Amino acid sequence: MLMTRSLSGRAAGVVTTALLTATMVTALSHTATAAEDTLGSAAAAKGRYFGTAVAANHLGESAYAGTLDREFNAVTPENEMKWDATEPTRDTFTFGAADQIAGHAQSQGMKLRGHTLVWHSQLPSWVSGLGASDLRTAMNNHITKVMQHYKGKIYAWDVVNEAFQDGTSGARRSSPFQDRLGNGFIEEAFRTARTADPDAKLCYNDYNTDGVNAKSDAVYAMVKDFKARGVPIDCVGFQSHFNSASPVPSDYQANLQRFADLGVDVQITELDIEGSGTAQANSYANVVKACLAVTRCTGITVWGITDKYSWRSSGTPLLFDSNYAAKPAYTAVLTALGGTGSGDGGGGDDGGNPGAACTVGYARTSDWTDGYNGQVTVTAGAAPITGWTVTLTFPSGQKVSALWNGSVTWNGDVATVRSTAYNGSLAAGASTGFGFTVMKNGSSAAPTLGTCTAS
């Protein structure tokens, strides 16, 4: 399978102390449609994220940014966090493009995946020329400096990428790291990463490991060994680049499950499937269903937004065509996620609940110079309800940096918050609620609370 990727994005956002201390923070999905009418919001309703790879140089294109903000709730920079982009000369770091992506993701409440710290490709020439001792120092310094720059802002890092050979050998790939530092370089990279940012999830990422084969067996043995010896590894990424010659394997779900059974999360990290029409749609749906069937499959990332910027553009592998029109594959993915589709606002709930009603109250629970915490209480009316929706309009300039116990979508400054799977069903007269942290940005005014709609 071809494994070169088009150059692009980078990211980092400012995460406040309030965000870091908020518990039960849900993935924020920003769209003007109903809670399950977009990829991100439908995935969030299933307890997962649905992300995309992003290129910084396309963020100025309105259709690109608009589709990103509407549909996705997680972001991976395509190339801007790789070694050649972040440390082109030794100990001189450049984060501008990555910071641009990170800032955009944070402003939209999206998760941010870091990609990638140690990889044999896209290395600046100075790295390849180092001897063993210098290379070890440079590798650990690179991991530390990049992770510390984004500390507290990255959900998960691809610490080491593509370290195993293709084929039937199960051997390590030749690289400056493998050839000069030996098999121990992966373990050392993960231990260094844990020290640099103890809160980020640390992932190993690779391709052609999607089914049970010699390569995935070798990765499995490494992860099993790491878990047994206490080497810090939290997740394994499965790139999932598919086409007619390399289709979704029949044992895809079983392979994800066996890794999850080792005690790590599994993530689909670079999904794209060449093709069109029903065949492509069915393949995408099967990938989504496999992830949903594995409890520890925490999210899916497609490798790009639109076919026109895909590294495999001639194979039209993504969910949106070159004009940003949703393809049958998009509908299949949304349906597999349980979304209502078509952006119609999700007006009904399979017949609805005619007696459903709810009321809301608002209180500011804490206040400080730059921000405040708010709490909205939702109370069911005279009949039980199975879900609720509340709107809040925030004063211009204020930014919601965290929200918990609700699934949120955005239309400008208007937040539409919907119940989650665990707090939507209320007995008559019972109450629940959701909270949020706001950065004031010069305005201390309270949000305007809209009506509560129940189902």
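Throughout what follows, the structure given in this document is the object of discussion. Only a predicted model underlies this, so the values are computations on that prediction, with no experimental measurement involved. (Residues numbered from 1 in each chain as written. Predicted model: local features only at pLDDT ≥ 70, side-chain atom pairs only at ≥ 80, totals over all residues. Heavy atoms only, no water.)

1. Here's the deal with the packing of aromatic side chains
Here comes step 1: Summed over the entire model, instances satisfying the criterion amount to 19 aromatic pairs.
Here comes step 2: Both rings, one in Phe434 and one in Phe436, keep their centres 6.4 Å apart while their planes meet at 40°; by these two values the pair is tilted.
Here comes step 3: On the basis of relative accessible area, Phe434 is assigned to the buried category, the value being 0%.
Here comes step 4: Members of the aromatic cluster, connected to one another through ring pairs, are Tyr362, Trp388, Phe394, Trp410, Phe434 and Phe436.
Here comes step 5: For Lys111, the ring lying beneath its charged end belongs to Tyr155, and the centroid distance is 4.0 Å.
Here comes step 6: Looking at Arg258, its charged tip hangs above the ring of Tyr220, at a distance of 4.7 Å from the centre. (Phe/Tyr/Trp six-rings, centres within 6.5 Å; stacked < 30°, edge-to-face > 60°. Buried < 20%, exposed > 50% of the residue type's maximum accessible area, 1.4 Å probe, protein only. Lys NZ or Arg CZ within 6 Å of the ring centre and 35° of its normal.)

2. A closer look at empty space enclosed by the protein
Here comes step 1: Under the counting rule described, the total for this entry stands at three cavities of 30 Å³ or more.
Here comes step 2: Each pocket or cavity is described by its volume, and for the largest cavity that value is around 50 Å³.
Here comes step 3: Forming the walls of the largest cavity are Val118, Trp119, His120, Val160, Asn161, Glu162, Ala163, Arg173, Ser175, Phe177 and Phe185.
Here comes step 4: Elements with a contribution of two residues or more to the lining of the largest cavity: β3 (111-119) and β4 (156-161). (1 Å grid on protein atoms, 1.4 Å probe; cavity = no way out; pocket = protein on both sides within 12 Å on 5 of 7 lines; lining within 4 Å. Points joined across faces, edges and corners; volume = space filled by probe spheres on them. Helix = DSSP H or I, 4+ residues; strand = E, 2+ residues; numbered from the N terminus.)

3. Describing the sheet that holds strand β10 (residues 358-367)
Here comes step 1: Reading across the sheet, the four strands line up as β10-β11-β16-β13 and stay open at both edges, with antiparallel pairing between neighbours. Bordering the open sheet on either side are β10 and β13 (399-404), each of which pairs with just one other strand. When strand polarity is set aside, the average angle formed by the axes of neighbouring strands in this sheet is 25°.
Here comes step 2: Relative to strand β16 (residues 431-439), strand β11 (residues 371-380) runs antiparallel, the two being bridged by nine bridges. Residue pairing across strands places Thr379 opposite Ser431, the latter belonging to β16. (Pairing = 2+ DSSP bridges. Axes fitted to C-alpha atoms, helices over the stretch in contact; angles between N-to-C directions.)

By themselves these figures say nothing about function.
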